[in-house]
Amino acid sequence: MKEKTLTEKLLEKSDKTYKNFLKKIIPEINENAIIGVRMNEIRKIEKNSAETELSEFKKIKHEYLEEKLLHAINISKTKNIIQTTNEIEIFLPQIDNWYVCDTLRPKNFKKNYDKIKPYIEKWLESNHEYTVRFAIEMLMTNCIENNYEKEIFEKALYKKSDKYYVQMMQAWCIAELLAKNENEGLSILTNKKLSEPVFKKAIQKARESRKINPKLKDYLKTLKSFT
């Protein structure tokens, strides 16, 4: 009996209720591109396929959200940093929503900052919304605590963009920076170089965060005006 393709396995796990939920939280993609597969099922399919069907991940057509999520999970688990960055370079232009972008979390980036830094700098210069979002997210998740460099963070967070999902990631990154490196976070937040939407959203996210102490939240309340 012929082995089912990864896409066929995803289609078998379609859940109409979950599809309707995904339609609401990812409005930027066509509903026909959503199968409606829960993340735990996607991870099971990836886990059961990764060892025996590596070539199948190369055949994915990326017509569905879940195909992209499946591939993002698989790339995130690659161990060789050269292979990881090569796969990401190919994959990034195919990302068309925040969910796939944020699922792409390479596990080997944190220990290979010197090797990924040139890629992050390149991705920050992209005109593709989700490539830029991914670059900022990689700084946020891998560099605030152990590899913080003021210059590259300023480049990422002061970057002017009218793309909503770039602005939201910039704000999220500032909130995380305030939580883990308060002095640097305040330096970024208060020097008037942020775009106004990012400034306002960063304060909102920081005040909503459980990681930030009440004293800092009280101070952030006083930063009511961008100008």
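Residues numbered from 1 in each chain as written. Predicted model: local features only at pLDDT ≥ 70, side-chain atom pairs only at ≥ 80, totals over all residues. Heavy atoms only, no water.

A separate point is the packing of aromatic side chains. Each aromatic ring pair is summarised here by two numbers: the centre-to-centre distance and the angle between the ring planes. Under the defined criterion, the tally for this structure stands at seven aromatic pairs. A ring pair is formed by tyrosine 148 and phenylalanine 153, whose centres lie 4.7 Å apart and whose planes are at 35°; its orientation type is tilted. Taking the relative accessible area as the measure of exposure, phenylalanine 153 reaches 0% and is therefore buried. Chaining the aromatic ring pairs together yields one cluster made of Tyr119, Trp123 and Phe134. (Phe/Tyr/Trp six-rings, centres within 6.5 Å; stacked < 30°, edge-to-face > 60°. Buried < 20%, exposed > 50% of the residue type's maximum accessible area, 1.4 Å probe, protein only.)

On inspection of all chains with the given rule, the structure shows 17 salt bridges. The partner of lysine 77 in a salt bridge is glutamate 46, and the shortest N-O contact between them spans 2.7 Å. With lysine 77 in the loop between helix H5 (65–76) and helix H6 (81–91) and glutamate 46 in helix H3 (residues 39–50), this pair connects stretches of sequence that are 31 residues apart. Note on glutamate 46: relative accessible area 1%, which makes it buried. Between glutamate 89 and lysine 122 there is a salt bridge; the shortest N-O distance is 2.4 Å. Here glutamate 89, found in helix H6, pairs with lysine 122, found in helix H8 (residues 113–124); they are 33 residues apart in sequence, far enough to count as distant. When its relative accessible area of 28% is taken as the criterion, glutamate 89 is described as partly exposed. A residue is classified by how much of its surface remains accessible, and lysine 122, at 43% relative accessible area, is partly exposed. Beyond isolated ion pairs, a larger network of salt bridges with shared partners links Lys150, Glu154 and Glu184. (Salt bridge = Lys/Arg side-chain N within 4 Å of Asp/Glu carboxyl O. Helix = DSSP H or I, 4+ residues; strand = E, 2+ residues; numbered from the N terminus.)

As far as function goes, none of this settles anything; it's purely spatial.
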